[in-house]
Amino acid sequence: MGDLVIGARSGAGEPEGPGRRAARSAESATSPASAEDAAAQTADGQGGRSEDSEDSPHAEAEPAAGSESEAPSEPHKQRSFWKELPILIGIALILALVIKTFFVQAFSIPSESMQNTLQVGDRVLVDKLTPWFGAEPERGEVVVFHDPGGWLNDEPTPQSSNSFLRGVQDVLSFVGLMPSANEKDLIKRVIAVGGDTVECEGEGPVKVNGVALDEPYVYQGNTPCGGHPFGPVEVPKDRIWVMGDHRANSLDSRFHMDQPGGGTVPVDNVIGRAFVVAWPVSHWSTLPVPDTFDQAGLAVAAPMAPPVAGAVGAVAMLPLVRRVRSRVEHRKES
């Protein structure tokens, strides 16, 4: 095969003489250029291969990079549950404090004064939001209020002998998760409000503005007066008259009539209305206003001021005055 190539380049058909020499000289003249071209092509080929060889790792790396971008990123390392637990507890305590301050607070029933509506140890939820909007206690509501002064002087404050338990109770009561052992609070039913006249003669019934109350919530076996008749008492403005449902075992307004306010409680002392028994589950119930407080005539009609009464009378008499004047003018014309 190599012989054929050589024979083709120096074939016998080529003429001898000057023409041959010229051909050879031309070939020899062009051969360096051809050699340079061949070398350049060789270098180009090698360079191309070297570039390809250099680019090939990048070409292989690019799909890898693309695959990394398409693959989901590694998840962040999650915190340990024990590290997150203090944060969760802190958030829960803050939320409980906000709820206790502005919305709802739990209270424990310490005595038998509200039986059988409420039992000792019951937990009630008290609405603290409504009073923020100016709502005042209404007749028939069960309300929690601060001691107006002297009502709980003889009541012992329940305290644990264990200092650690006392500390826990103080913290939980501060955020509203446990009733406070230091606060002097009472729970009773509102019987009369500012401007009402309330009384109970003999064994009863209790009367508000002369209207007798039918009180099915009174503890069985008790009389409405509870053996302690009173009145009539006119309740001052912005104050309320309260009584326990266990009339024979409740030191309510009846027993503090010799104190400032005549046994009534300032509206500002009211924390809120108890609206549900939340614990224990077996005692769960709502605390609605009894129907007896919806009787007609129970509310006191506000006295009409003389100027307003005069204006109303003048308006009512205006048609009559016009009619009389028209008749007088008609007679004059005739």
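Here the residue index of a chain counts from 1 through its sequence in written order. Given that this is a predicted model, residues contribute local features only at a pLDDT of at least 70 and side-chain atom pairs are listed and counted only at 80 or more, while totals for whole chains, interfaces and linings are drawn from all residues. Remark: hydrogens and water are excluded; side-chain values derive from all non-hydrogen atoms of the structure.

(A) Representation of a nonpolar patch on the surface. Residues Phe103, Leu129, Trp132 and Phe133 make up a contiguous nonpolar surface patch of about 480 Å² in total accessible area. Per the convention used, a helix needs a DSSP run of H or I reaching at least four residues, while a strand needs a run of E reaching at least two, with both numbered from the N terminus. With respect to the helices, strands and loops of the structure, Leu129 is situated in the loop between strand 2 (123–127) and strand 3 (142–146). For the exposure calls, accessible area comes from a 1.4 Å probe over protein chains only, and a residue counts as buried if that area is under 20% of its type's maximum, exposed if over 50%, partly exposed in between. Given the relative accessible area of 33%, Leu129 is considered partly exposed. A residue counts toward a patch only above 30% relative accessible area and without a salt bridge, and it is joined to like-charged neighbours within 9 Å or, for Val, Leu, Ile, Met, Phe, Trp and Tyr, to nonpolar neighbours within 5 Å. Every accessible area reported is derived by Shrake-Rupley at a probe size of 1.4 Å, with residue values counting cover from the shown protein chains alone. Definition used for salt bridges: Asp or Glu carboxyl oxygen within 4 Å of a side-chain nitrogen of Lys or Arg.

(B) Geometry of the nonpolar core. Membership of the largest hydrophobic core comes to 18 residues, with the highest contact counts inside it found for Ile191, Val198, Val206, Val208, Leu213, Phe230 and Trp241. When residues of this core are traced back to their parent elements, those giving at least two are strand 4 (185–193), strand 5 (197–200), strand 6 (206–208), strand 8 (230–234) and strand 9 (239–243). Once residues lying within four places of it in the same chain are set aside, the contact partners of Leu213 are Ile191, Pro205, Val206, Val208, Thr292, Phe293, Gln295 and Leu298. Residues Ile109, Val126, Val144 and Ala274 belong to the second largest nonpolar core, which totals 13 residues. Nonpolar core, defined: a set of buried Ala, Val, Leu, Ile, Met, Phe, Trp, Tyr and Cys residues in which side-chain atoms within 4.5 Å join the residues together. Note on definitions: a residue-residue contact is assigned when non-hydrogen atoms from the two residues lie within 4.5 Å.

(C) Structural view of the state of the cysteines. Any pair of cysteine sulfurs within 2.5 Å is marked as a disulfide. Scanning all chains against the criterion turns up 1 disulfide. The disulfide partner of Cys200 is Cys225, and the gap between their sulfur atoms is 1.7 Å. The sign of the -100° torsion about the S-S bond sets the Cys200-Cys225 disulfide as left-handed. Taken together, the residues span a long stretch of sequence, with Cys200 in strand 5 and Cys225 in the loop between strand 7 (211–212) and strand 8 at a distance of 25 residues. By relative accessible area, which is 0% here, Cys225 ends up buried.

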